[in-house]
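Results of the structural survey
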Amino acid sequence: MNYKHICVIDAENLYKALVLALLVQTSRDQEEAWQVQRYTLAEGEQLLDAAPPVLRPHAGAAGFVSPKWDSGTSAWVEAATEEEIAAWE
């Protein structure tokens, strides 16, 4: 069995969760798809096969407060404003 951790992002590309998925065959044509384990995708959520973002664990630490996927650069960016980051800290 082929398992992998995959990121979940919402309709606005904001990071939601890291889930475990199983690669399964979906048809007789040998098509394969990821089947999420122990998580149900909400409306507008989708899977993103990328390394998870580094979340900021405490004030002054490195990482993101509100990570967002930028498909143009294929990288995580900070979605929180300076005011939101200050309030979080």
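Look above for the structure.
Pairing of strand 1 (residues 3-9) with strand 2 (residues 15-25), which is carried by seven bridges, proceeds in the antiparallel orientation. Bridge pairing in strand 2 links Tyr3 to Leu22. Hairpin remark: strand 1 followed by strand 2, antiparallel, with five residues in the connecting loop; positive phi at Asn13, about 70°. Two elements, strand 2 and strand 3 (residues 32-37), share six bridges in a ladder whose sense is antiparallel. Looking across to strand 3, one finds that Ala21 is bridged to Val36.

Moving on, we come to the pattern of salt bridges. Applying the stated criterion to the full structure yields two salt bridges. Of the charged contacts in the structure, one is a salt bridge between Lys4 and Asp49, with a shortest N-O distance of 2.8 Å. Of this pair, Lys4 sits in strand 1 while Asp49 sits in the loop between strand 4 (46-48) and strand 5 (67-70), and the two are 45 residues apart along the sequence. Among the residues examined, Lys4 registers a relative accessible area of 30% and is labelled partly exposed. Across the pair Arg56 and Glu89 runs a salt bridge, and its minimum N-O distance is 2.8 Å. Taken as a pair, Arg56 in the loop between strand 4 and strand 5 and Glu89 in the segment after helix 1 (82-88) lie far apart in primary sequence, 33 residues in all.

Considering the arrangement of structural elements, one finds Glu45 in the loop between strand 3 and strand 4. Buried and unpaired, Glu45 has Lys16 as its nearest opposite-charge partner, separated by 5.6 Å. Among the polar contacts made by the side chain of Glu45, one reaches the main-chain amide nitrogen of Ala42 at a distance of 2.9 Å. For Glu45, the residues in contact, after removing those within four places along its chain, are Val8, Ile9, Asp10, Lys16, Tyr39 and Thr40.

Rules used in this analysis
- Residues numbered from 1 in each chain as written.
- Predicted model: local features only at pLDDT ≥ 70, side-chain atom pairs only at ≥ 80, totals over all residues.
- Heavy atoms only, no water.
- Pairing = 2+ DSSP bridges.
- Helix = DSSP H or I, 4+ residues; strand = E, 2+ residues; numbered from the N terminus.
- Salt bridge = Lys/Arg side-chain N within 4 Å of Asp/Glu carboxyl O.
- Buried < 20%, exposed > 50% of the residue type's maximum accessible area, 1.4 Å probe, protein only.
- Lys, Arg positive; Asp, Glu negative; His and termini not counted.
- Polar contact = N/O pair within 3.5 Å; in protein donor to acceptor, adjacent residues only side chain to side chain.
- Contact = heavy atoms within 4.5 Å.

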